[in-house]
Amino acid sequence: MHTHLALAVLFAVFIWWFSTGVVLLLNGLQQRARQVALGLSSLLGLAALYALWHTSGQTSVAARYCAFTSALLVWGWHELSFLSGWITGSRRTPIADTLVGWPRFVQAVRAILWHELAIIAVGVLILVITWHAPNRVGVETFLVLWVMRTSAKLNLFLGVRNLSEAFLPPPLAYLQSFFRRRPMNALLPFSVLAAAGVLAAIVLQALHPATDSAQSIGLVLVGTLLALAIVEHLLLVLPVDTTALWHWALGQRRPSPVRTA
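Everything numeric here is computed off the predicted structure, so don't read it as measured data.

So, how was this worked out
- Residues numbered from 1 in each chain as written.
- Predicted model: local features only at pLDDT ≥ 70, side-chain atom pairs only at ≥ 80, totals over all residues.
- Heavy atoms only, no water.
- Helix = DSSP H or I, 4+ residues; strand = E, 2+ residues; numbered from the N terminus.
- Rg over C-alpha atoms; globule rule 2.2 N^0.38 Å.
- Buried < 20%, exposed > 50% of the residue type's maximum accessible area, 1.4 Å probe, protein only.
- Contact = heavy atoms within 4.5 Å.
- Areas by Shrake-Rupley, 256 points an atom, 1.4 Å probe, with all protein chains shown as cover.
- Lys, Arg positive; Asp, Glu negative; His and termini not counted.
- Charge placed at Lys NZ, Arg CZ, Asp CG, Glu CD.
- Phe/Tyr/Trp six-rings, centres within 6.5 Å; stacked < 30°, edge-to-face > 60°.
- Lys NZ or Arg CZ within 6 Å of the ring centre and 35° of its normal.
- Axes fitted to C-alpha atoms, helices over the stretch in contact; angles between N-to-C directions.
- Left-handed = near helix turned anticlockwise from the far one by under 90°.
- Nonpolar A, V, L, I, M, F, W, Y, C, P; charged D, E, K, R; others polar.
- Core = buried A, V, L, I, M, F, W, Y, C linked by side-chain atoms within 4.5 Å.
- Salt bridge = Lys/Arg side-chain N within 4 Å of Asp/Glu carboxyl O.

1. Some thoughts on the overall build of the chain
- When helices and strands are tallied, the chain shows eight helices and zero strands.
- For the chain, the sequential pattern of α-helices and β-strands runs α-α-α-α-α-α-α-α.
- Rg of the C-alpha trace for the chain: 19 Å, near the compact-globule value of 18 Å for 261 residues, within the 12% margin.
- Referenced to the eigenvectors of the C-alpha coordinate spread, the extents of the chain come out at roughly 55 × 40 × 35 Å.
- In the chain, buried positions account for 48% of the 261 residues.
- The long-range fraction of contacts in the chain, counting pairs at least 24 apart against all pairs at least 6 apart in sequence, stands at 79%.
- For the chain, the exposed area adds up to about 13100 Å²; of that, 73% sits on carbon and sulfur atoms.
- Of the charged side chains in the chain, 17 are positive and 8 negative; the average position of the first set lies 9 Å away from that of the second.

2. Some thoughts on the packing of aromatic side chains
- Following the criterion strictly, the structure yields 14 aromatic pairs and no others.
- Measuring from ring centre to ring centre gives 6.0 Å for Trp77 and Trp86, while their planes differ by 90°; the resulting arrangement is edge-to-face.
- Taken together, the ring pairs in this structure connect Phe14, Trp17, Phe18 and Trp248 into an aromatic cluster.
- Here the basic side chain of Arg104 rests over the ring of Phe157, its NZ or CZ set 4.1 Å away from the ring centre.
- Lys153 extends its terminal NZ or CZ atom over the ring of Phe82, reaching a point 5.8 Å from the ring centre.

3. What to know about the environment of Ala173
- The residue Ala173 is located in the loop between helix 5 (137-158) and helix 6 (187-207) in this model.
- Put simply, Ala173 and Pro94 are 79 residues apart on the chain and 8.3 Å apart in space, counted from C-alpha to C-alpha.

4. Observations regarding the packing of helix 3 (residues 61-83) against helix 5
- The interhelical angle for the contact between helix 3 and helix 5, taken along N-to-C directions, is 35°, at an axis separation of 7 Å. The chirality of how helix 3 crosses helix 5 is right-handed. Across the interface between the two elements, Arg64, Ala67, Phe68, Ala71, Leu72, Val74, Trp75, His78 and Glu79 of helix 3 pack against Val137, Gly138, Thr141, Phe142, Leu145, Trp146 and Arg149 of helix 5.
- Of the residues that constitute the contact of helix 3 with helix 5, the class distribution is ten nonpolar, three polar and three charged.

5. A look at the nonpolar core
- In this structure, Phe68, Val74, Ile126, Leu175 and Leu226 are the most contacted members of the largest nonpolar core, which totals 69 residues.
- Looking at this core, the elements with two or more residues in it are helix 1 (2-27), helix 2 (31-55), helix 3, helix 4 (101-129), helix 5, helix 6, helix 7 (213-235) and helix 8 (247-250).
- The leading source of residues in this core is helix 3, at eleven residues.
- Not counting chain neighbours up to four residues away, the residues in contact with Ile126 comprise Leu49, Leu52, Val74, Val139 and Phe142.

6. Considerations on unusual backbone geometry
- The phi torsion at His132 lies on the positive side, around 65°, for a residue other than glycine.
- Relative to the helices and strands, His132 is located in the loop between helix 4 and helix 5.
- Positive phi, close to 50°, is recorded for Ser164, a residue that is not glycine.
- Inspection of the secondary structure puts Ser164 in the loop between helix 5 and helix 6.
- For Ser164, a relative accessible area of 15% corresponds to the buried category.

7. A short note on the pattern of salt bridges
- If you walk through the whole model with that rule in mind, you get three salt bridges.
- The salt bridge involving Glu79 is made with Arg149; its shortest N-O contact spans 2.7 Å. Note that Glu79 is positioned in helix 3 and Arg149 in helix 5, a separation of 70 residues in sequence.
- Overall, the relative accessible area of 14% leaves Glu79 in the buried class.
- In this structure, Arg181 and Glu165 form a salt bridge, with 2.7 Å as the shortest nitrogen-oxygen distance. Remark: Glu165 occurs in the loop between helix 5 and helix 6 and Arg181 occurs in the loop between helix 5 and helix 6; sequence separation between them is 16 residues.

8. Looking at the side chain of Thr130
- For Thr130, the position within the fold is in the loop between helix 4 and helix 5.
- The contact partners of Thr130, leaving out residues within four places of it in the chain, are Leu52, Ser56, Arg136 and Val139.

Spelled out as structure tokens, the structure:
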């Protein structure tokens, strides 16, 4: 049993690392090739939605893996559509350094509004097509991705040490004006602690004697993804190169300067 759980952890770590790199790699292509990649990703996303519906009623180990992978494929489409500049927000220009407080937050929301609404819409769709189904891995995976990515965006807005600007392609360079470089902000500890509490509950449930093996593997897949998101939050403030794992996908991208607090 422990071997199967360890394999689930390794699978989740690999697919998280590899899928992130693929999105970054595809987004670094020339415009025509990027448009083709986005079209293929859209078809793959639709197939993944069907797979989420198809496996939602199945409780096997394979169905849990399929639901987890499908949710990541749908999320990858969202990330690619955003980084390609296809679905972003109503504001596509940088803000002035003098803009602070609530007006700055409003403009930041405008810059990513359509992207966020698209995520919510697809999240609701996944919830509907898997409603009352026994396999909840797809919904839980998508929820972890959405909540933790939203948390990361808020922390970038408030200010952290590592902004990972290299992840932004040139067409989205204006988004850097919404970031701030600070050693820490007040939200980050709460984000990490809250996520760690949920992770602890997932681990306890996965290891509970009453939880069957397929359920445990599903919980481990989701829990590993949450653990990786917690690590990503910690990397926001640690003195390390946050892009080191994806140098193969980023190529020669170089970030532009970002204002400090």
